[in-house]
Amino acid sequence: MSNAPAEEIPAEEIDLAEANHIIDKYLTLPGNLMPVLQGIQDSYGYVPKPTIDLVAERLNVYPSQIYGVLTFYAQFHLKPRGRYIIRVCVGTACHVQGAERIVETFFGRLGIGHAETTPDLRYTFEKVACLGACGMAPLAMVNDDTYGKMTVQKVDEIVETYNQRPMK
Amino acid sequence: MVNLTINGTQVAVEKDATIYDAAKACGIKIPILCHDKKLHPFGGCRMCLVEVEQMKGRLIPACTTPVTEGMIVQTTTDEIVKARKLVLELLLLKHPIDCPVCDAAGDCDLQNLTFEYKVNTNRFVDEKFNHEIDYDNPLIERDMNRCIHCGKCARICDEIVSYGAYTFINRGIEAKMGTEFDGPLNCEFCGSCVSVCPVGALNSRPFKFKARWWALQKTKSVCSYCGTGCQLTLGTKDGKVLTTVYDENQGFHNGQLCTRGRFGYQFVNSAKRLTTPLVKKNGKLQEASWEEALEVVTSRLSAGKSDPASVAALATPRLTNEELFLFEKLFRGTIGTDNIDHSAGYAHAALTKGAKASFGVAASPSEIADIQKSNLLLVVKSDAYETHPVIGFEMNLGVKRKGIDLRIVSDKKGKLTRLPGAKTTVHTPGSEVALFNALCKSIIDQGLAAEGVAGLAELKAAVADATAEKAGVTAEEIAALAKDYAAAEKALIILPIGLGYPGHDAALANAAANLAILTGKIGKEGCGLLIMGEKNNSQGAADLGIYPKSTGLSASAIIEGCGNGNIKTLFVAGENPVVSYPNRQKVEKALENVEFMVVADLFLTETAQLADVVLPACSFAEKSGTFTSLGRRVQMVRKAVPAVGLAKSDFEILNTLSAAIGGARYNNQAEIFTEIASTVPAYQGLTQGKLGDEGVVLPVTVSAKLVPAVAKAVAPVAGKLALLTGSALYHSGTMSRFGEGPMYVCPTAYAELSMADAASLKIAEGDMVTVTSATGSVQVAAKVGKRVPQGTVFAPYHFGEGSVNSITDGAAVTYVTVAKK
Ligand code: SF4
Ligand code: SF4
Ligand code: SF4
Ligand code: FES
Ligand code: FES
């Protein structure tokens, strides 16, 4: 499960201006909840709790229902995500090619587990099911870049490379 | 009508019926788990599968499938039984079999169906759920391991309660019924979800491990808190009230209750109950026998017969009709005093003076059933939800399900104002009459008045200078509201009254009645005015004349009389003036001063502590009789447990006293009802037997008349906040303080501020603040919220500590300063 229980949600100050702007845009549209939440996800990178309360208040929807929607669809995240999302496939083909070792190596290098984010918000790590490129198994992706035929060495190289990349 | 055949039986049903409804109509039971007659169909559990000849090849859910002409239905073929068994096996796969320790055992649909379908083995195995149980609040336990995902809790909390605490969260095998952020439950605690949960996933914690469900004795009665008059079933064992039992067929509300009705029953067996009479000796209340206590009271009352003007009596509208009748007969009849009253005198004036003048009868011309029949509800004060929550459910249902228009005129916002399509006119505090006058003027000016209304010219003159401005709203708002109201085919005005609302007086009832009369919206279904009395028998108290009729003193004058020595003997049956009447210091002084005061009550209240004799009285659960609800429905209250300690019912107390001083004596309370039926016109011809389980709505003959209402000018005081008093959702009067449920959710007095005022006064939620008026000051905790507009502060009146009546004096609005302690 990629969503965090309540106590893990960081209690940071959130600027609601952008969220208000998104709500304004869809305010009068029927069925506006999904586009508003998508807009918030896109703009903040996740759906911060204060924005849920704001959406509940302004669209007159129960906060519980919004939470239900957010936990139903994989596209929404309730805690900040890393700048770089590392996904390692653990589908059947990748599994037989030793994906678990790749996963374990990433865990060791990054100091986080599945569906977790490094405290500096650089990385989020996720195990995923078949990414549809079984020919290149085992497979890893960092944001939109694909890395096939993964090895333990390659894990080091990837981490090195993205450690140098800018955060913005 | 649609004709169909079910298991070979011909049946004709309404065309919007489902197969399930049709089967039920001809006495065929189809098992259900996720279906509830009060809720939108869900069709999630597949327990109700049936076969339809015309749809051969698959099984059809009976609860969601509408009937069609000529349908041929089978409800119990082998295939169906097999399918239902499979459904049960799958449900039992992850559901723990902990029936021996589950409170729902015996009342659990899953257990009962498993038994009925003889599912004693399971072809499948899987791990049980492993969810953490929510024990975070003391009222509702949530054990999602037992949840069968029927969705009823979420649907009732949304569709009827309109709180929306629950939703399905996550997906796939992780899906569960949850709350926002999967956190602990923090809601209104009405318990509606507990009552509809078909299994033991939601439990009432106060009842946990108290008794097996089947060992409970169940007694049908009526809630003794507010005027709604919800019917309830008390679950008792060994002479104690252990729970309220849900019965979906009870009352207009289908067994729904608010938090007070559902969880507020503990006051009955509270350890704080008075169990013996107390007599003041050497300046201290000391335990005494009934003989001793009654002797003192009898001699005072007999002496009072020769000087009736020095005797006064206050009764709570929580007593039964029979008790109130006897009370009236004893004091007005035998002793001969007209100094009789209840509810501080003002909290019933909208009925006894207002409705009487406007409609010729001291009762609401409308009944609760009119809510659902209306096209537009005009609610005075958003608080109507807090004062009468189950009426609030009716409004939710009407607005959300039937699309009834909701208009609210209020000095603050609240839950009601957030209902879909609700339009709220926020006016300046205390300007309700001015606002209704402006509406009436607007109706006349816009030519919307019904033809031939008598007294139109007088009213026109009386409201000539009414302006929207006097209520602090725009002329456009008034014009639009007047137009909407007039245009609605049927419109109903809803007006809550009570000790918290000194401004909701006779003039306001007249002003509101004028609007209805002016537009012809009276005497018709779904129309008129529903005056919502605060207490369970407020209407009964009005019917039985518990107020001064000629030259007698009203409650406030009685207090005055106690203070100046004119009243020498005061009999108080269940009222608690020290906390609930305006101006606490004055009341206390007066009651300390009165020569002799006797208080009959369940508890040693703030008032009883000042008495010379205290008599332990019985709660509603320990006696039989009748209450009359705000919709004029007379209902039977039935004794469910024996009296606590040596307590006696007010009937027994008054009966003994009456006989002792040469007045009437009755053999039982039912005899009095017979007398009520022959002397009080509205009750003519009734017997307790005729009331049955449903109760009887008293007839009402309305002769409507326009009665000009004078709007008192309210002058805001610069630099001060307008203090509005009222009811908290969880409380009713001062009695709910002895119920654990209400006290958990709302334990202390508070003052609710707007965010803007809180910010400028540097007050945060939970801070202790001092609220100061011209008459005094109190210290309470601050609440900060979106309900109250800037410039106002709201405080509930129920509490003894930090009681708001220390700083109010009966004016509709009190101007105060608020500062951090
Ligand atoms: S107790 Fe009432 S408000 Fe709370 S979750 Fe249950 S139904 Fe909703
Ligand atoms: S908690 Fe009860 S009512 Fe709610 S979904 Fe589960 S079984 Fe149904
Ligand atoms: S307090 Fe009023 S609304 Fe609540 S259950 Fe009792 S009668 Fe019904
Ligand atoms: S199994 Fe990994 S890409 Fe298909
Ligand atoms: S009762 Fe019909 S599907 Fe649940």
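Being a predicted model, the structure only gives us computed values, none of them experimental. (Residues numbered from 1 in each chain as written. Chains lettered and ligands numbered in written order. Predicted model: local features only at pLDDT ≥ 70, side-chain atom pairs only at ≥ 80, totals over all residues. Heavy atoms only, no water.)

A. The overall build of chain A, seen in detail. Within chain A, the regular secondary structure consists of 7 helices and 5 strands. The order of helices and strands in chain A, counted from the N terminus, is α-α-α-α-β-α-α-β-β-β-β-α. Split into buried and exposed, the 168 residues of chain A put 45% on the buried side. In chain A, the proportion of contacts linking residues at least 24 apart, taken out of those at least 6 apart, comes to 64%. Accessible surface, chain A as shown: approximately 8500 Å² in total, 54% of it carbon and sulfur. Within chain A, the 20 negative side-chain charges are centred at a point lying 7 Å from the centre of the 15 positive side-chain charges. (Helix = DSSP H or I, 4+ residues; strand = E, 2+ residues; numbered from the N terminus. Buried < 20%, exposed > 50% of the residue type's maximum accessible area, 1.4 Å probe, protein only. Contact = heavy atoms within 4.5 Å. Areas by Shrake-Rupley, 256 points an atom, 1.4 Å probe, with all protein chains shown as cover. Lys, Arg positive; Asp, Glu negative; His and termini not counted. Charge placed at Lys NZ, Arg CZ, Asp CG, Glu CD.)

B. Looking closely at the overall build of chain B. Helix and strand content of chain B: 25 helices and 33 strands. Over its C-alpha atoms chain B spans a radius of gyration of 28 Å, differing by no more than 12% from the 28 Å that the globule rule assigns to 821 residues. When burial is assessed residue by residue, chain B has 62% of its 821 residues classed as buried. Within chain B, residue pairs in contact and separated by at least 24 positions form 74% of the contacts whose partners lie at least 6 positions apart. When the accessible surface of chain B is split by element, carbon and sulfur atoms take 52% of a total near 30300 Å². If the 85 positive side-chain charges of chain B are averaged to one point and the 84 negative ones to another, these points end up 1 Å apart. (Rg over C-alpha atoms; globule rule 2.2 N^0.38 Å.)

C. Examining the interface of chain B and chain A more closely. Taken together, the contact between chain B and chain A spans 20 residues of the former and 20 residues of the latter. Taken together, the two surfaces of chain B and chain A that pack against each other cover about 1700 Å², and 52% of this comes from carbon and sulfur. By the criterion of area lost to chain A, the three top residues of chain B are Arg171, Phe181 and Arg418 of chain B, representing 45% of everything that side buries. In this assembly, chain B and chain A are joined by 3 salt bridges. A salt bridge links Glu57 of chain A to Lys786 of chain B; its shortest N-O distance comes to 3.2 Å. The tally of links from chain B across to chain A stands at 9 residue pairs in polar contact (both at pLDDT 80 or more). (Buried area = accessible area lost by both parts, 1.4 Å probe. Salt bridge = Lys/Arg side-chain N within 4 Å of Asp/Glu carboxyl O. Polar contact = N/O pair within 3.5 Å; in protein donor to acceptor, adjacent residues only side chain to side chain.)

D. Structural detail: the UniProt feature "domain: 4Fe-4S His(Cys)3-ligated-type" (unreviewed entry) in chain B. The feature "domain: 4Fe-4S His(Cys)3-ligated-type" (unreviewed entry), as given by UniProt, occupies residues 79–118 of chain B in the numbering adopted here. In residues 79–118 of chain B, the share of helix is 60% and the share of strand is 0%. The end C-alpha atoms are 15 Å apart. (UniProt positions renumbered as here; feature names shortened; annotations may be inferred.)

E. Focus on the pattern of salt bridges. Residue and element names in this part refer to chain B. Scanning the model with the defined rule gives 45 salt bridges over all chains in all. One salt bridge connects Lys281 with Glu292, and the closest N-O pair in it is separated by 3.2 Å. Separated by 11 residues along the polypeptide, Lys281 in strand E13 (residues 278–281) and Glu292 in helix H7 (residues 290–305) bring together distant segments of the chain. Each of the salt bridges in this network shares a partner with another, and the network as a whole consists of Lys381, Asp383, Asp411, Lys412 and Glu432.

F. How the structure looks around the UniProt feature "binding site: [2Fe-2S] cluster" (unreviewed entry) in chain A. Residue and element names in this part refer to chain A. UniProt annotation of "binding site: [2Fe-2S] cluster" (unreviewed entry) refers to Cys89, Cys94, Cys130 and Cys134 when read in the numbering used here. On the basis of their most widely separated C-alpha atoms, the annotated residues across 46 residues gather in one place, lying no more than 9.3 Å apart. Along the polypeptide, Cys89 turns up in strand E1 (residues 84–89). Here Cys89 falls in the buried class, since its relative accessible area comes to 2%. Each residue touching Cys89, except ones within four places of it in the same chain, is listed here: Cys94, Ala99, Val128, Ala129, Cys130, Leu131 and Leu139. Relative to the helices and strands, Cys134 is located in the loop between strand E3 (123–128) and strand E4 (140–142).

G. Summary view of the site of ligand 2. Ligand 2 sits among 13 residues. The nearest are Cys147, Cys150, Gly151, Cys153 and Cys197 of chain B. Per-class residue counts for the shell around ligand 2 are 11 nonpolar, 2 polar and no charged. (Near = heavy atom within 4 Å. Nonpolar A, V, L, I, M, F, W, Y, C, P; charged D, E, K, R; others polar.)

H. How the structure looks around the site of ligand 3. All names here are of chain B. Near ligand 3, the surroundings consist of Cys223, Tyr225, Cys226, Thr228, Gly229, Cys230, Leu257, Cys258, Arg260, Gly261, Pro389 and Val390. Looking at the shell around ligand 3, the elements that each hand over two or more residues are helix H6 (259–263) and helix H12 (389–402). Partitioning the shell around ligand 3 into residue classes produces 8 nonpolar, 3 polar and 1 charged.

I. Expanded view of the UniProt feature "domain: 4Fe-4S Mo/W bis-MGD-type" (unreviewed entry) in chain B. The UniProt record annotates "domain: 4Fe-4S Mo/W bis-MGD-type" (unreviewed entry) at residues 216–272 of chain B. The span residues 216–272 of chain B is 9% helical and 33% strand by assignment, and the distance between its end C-alpha atoms comes to 24 Å.

J. Structural context of helix H2 (residues 33–44) of chain A. Residue and element names in this part refer to chain A. Over its 12 residues, H2 extends 16 Å from the first C-alpha to the last, a length consistent with the 16 Å expected when each residue adds 1.5 Å. On its buried side, H2 packs onto helix H1 (17–26), helix H3 (49–59) and helix H4 (63–72). Count one or two residues on from H2 and you reach Gly45, which has phi positive near 85°. (Expected span 1.5 Å × (residues − 1).)

K. Representation of the side chain of Lys38 of chain B in the model. As for its position among the elements, Lys38 of chain B is in the loop between helix H1 (19–25) and strand E3 (49–52). Within the local environment of Lys38 of chain B, its side chain forms a polar contact with the side chain of Tyr246 of chain B, the two groups lying 2.3 Å apart.

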